[in-house]
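# Coordinate analysis (summary)
Residue strings, one per chain:
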Amino acid sequence: MPARRQANGSSESIDNYLKAILTLGGPQEIRVTSTALAERLSVAPASITNMLQKLAAAERPLVEYERHRGVRLSSAGKKRALEVVRHHRLIETFLYQVLDYPIEEVHEEAERLEHFISERFEERIAAKLGHPQIDPHGHFIPTMEGHMPQQASIRLTEVLAGGTFVIHSVDDRDARTLRELEANGIKPGAKLKLKPRTPTEACSVNIGRSAKPFDLSRAMAADIRIVPVEKN
Ligand SMILES: [Zn+2]
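### With respect to the coordination of the zinc ion
Every protein donor of the zinc ion is listed here as His88 (NE2), Glu92 (OE), His107 (ND1) and Asp172 (OD), and their distances to the metal cover 1.9 to 2.1 Å. For the zinc ion, the four donor atoms are set out with angles of 92 to 125° between them, so the coordination reads as tetrahedral. Sequence spacing among the residues donating to the zinc ion works out to H-x3-E-x14-H-x64-D. Of this pair, His88 sits in helix H4 (residues 75-97) while His107 sits in helix H5 (residues 106-113); the two residues are 19 residues apart in sequence, bridging distant segments of the chain. Judged by relative accessible area, which is 8%, His107 ranks as buried.

In structure tokens:
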């Protein structure tokens, strides 16, 4: 989709709005507030309003927007957002698996490239990787048709009772935290024992077979999603 390039209205910037609305809206596609968007995109609230009005007024509107009620994606907007997310996650997987990028560097690179790759390039990458379903951070890659399985995982910080879990995914946006997580063996698929705790206590975990408990920093804990392991 060729789009005009202009200050704050480039196709990259539009893509980033659509992606943010997709993520913040979640599987239930709830309406996203301008404040939440402003925070996520680090953009002034006035610019947010401006952009949302533009996107809603387009010939093929990309969002449904009412002031004070927030915004959600139109079907065209959702299609585009999922396409960009597919690009992003395929590129991350390619950089990690084929080009041996360090895990904490793939996101930044994918943020740049995701807007520009052609359908052909996307197909070639997917084929080369054997049509992967998850990226190196554990996130589902939307299909060509725009389907994305729902994530049944829970945020680690929400669990107080403790137990044994498998790491489902880690947030990809903070390179420093990602590097720390990786250095401590905290990555998708790794097993983790969580100690019971009160809401104010730090999350203490045993990773893999390690007998030594490890206290997660606030940033680390907030970026990890887990699924419980059934006891036998
Ligand atoms: Zn990423």
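Right, picking up where we left off after that structure.
### Some thoughts on the sheet that holds strand S7 (residues 214-215)
Here we have six strands laid out as an open sheet, ordered S3-S8-S4-S5-S6-S7, and antiparallel in their pairing. Of all the strands in the sheet, the pair left with one neighbour each is strand S3 (154-155) and S7.

### Quick look at the domain arrangement of the chain
Per the domain assignment, the segments making up the chain are domain 1 (11-73) and domain 2 (154-228). Taken over C-alpha atoms, the centre of domain 1 sits 31 Å from the centre of domain 2.

### Side note on the side chain of His139
Structurally, His139 is set in the loop between helix H6 (119-128) and S3. Residue class for His139 comes out buried when judged on its relative accessible area of 10%. Not counting residues up to four positions away in its chain, the partners in contact with His139 are Arg89, Gln133, Ile134, Gln151, Ser169, Val170, Asp171 and Asp172.

### Overview of the pattern of salt bridges
The tally for this structure, following the rule as stated, stands at 14 salt bridges. Here Glu83 and Arg80 are joined by a salt bridge, their closest N and O atoms 3.6 Å apart. Taken together, the residues span about one helical turn, with Glu83 and Arg80 both in helix H4 at a distance of three residues. Glu83 gets classed as partly exposed once you look at its relative accessible area, which sits at 25%. Since its relative accessible area comes to 12%, Arg80 is described here as buried. A salt bridge links Asp171 to Arg173; its shortest N-O distance comes to 3.7 Å.

What counts and what doesn't
Residues numbered from 1 in each chain as written. Predicted model: local features only at pLDDT ≥ 70, side-chain atom pairs only at ≥ 80, totals over all residues. Heavy atoms only, no water. Donors = N, O, S within 2.8 Å, 3.2 Å for Na, K, Ca; no water. Tetrahedral: all angles 85-135°; square planar, octahedral: opposite > 155°, others 65-115°. Helix = DSSP H or I, 4+ residues; strand = E, 2+ residues; numbered from the N terminus. Buried < 20%, exposed > 50% of the residue type's maximum accessible area, 1.4 Å probe, protein only. Pairing = 2+ DSSP bridges. Domains from an automatic or database assignment. Contact = heavy atoms within 4.5 Å. Salt bridge = Lys/Arg side-chain N within 4 Å of Asp/Glu carboxyl O.

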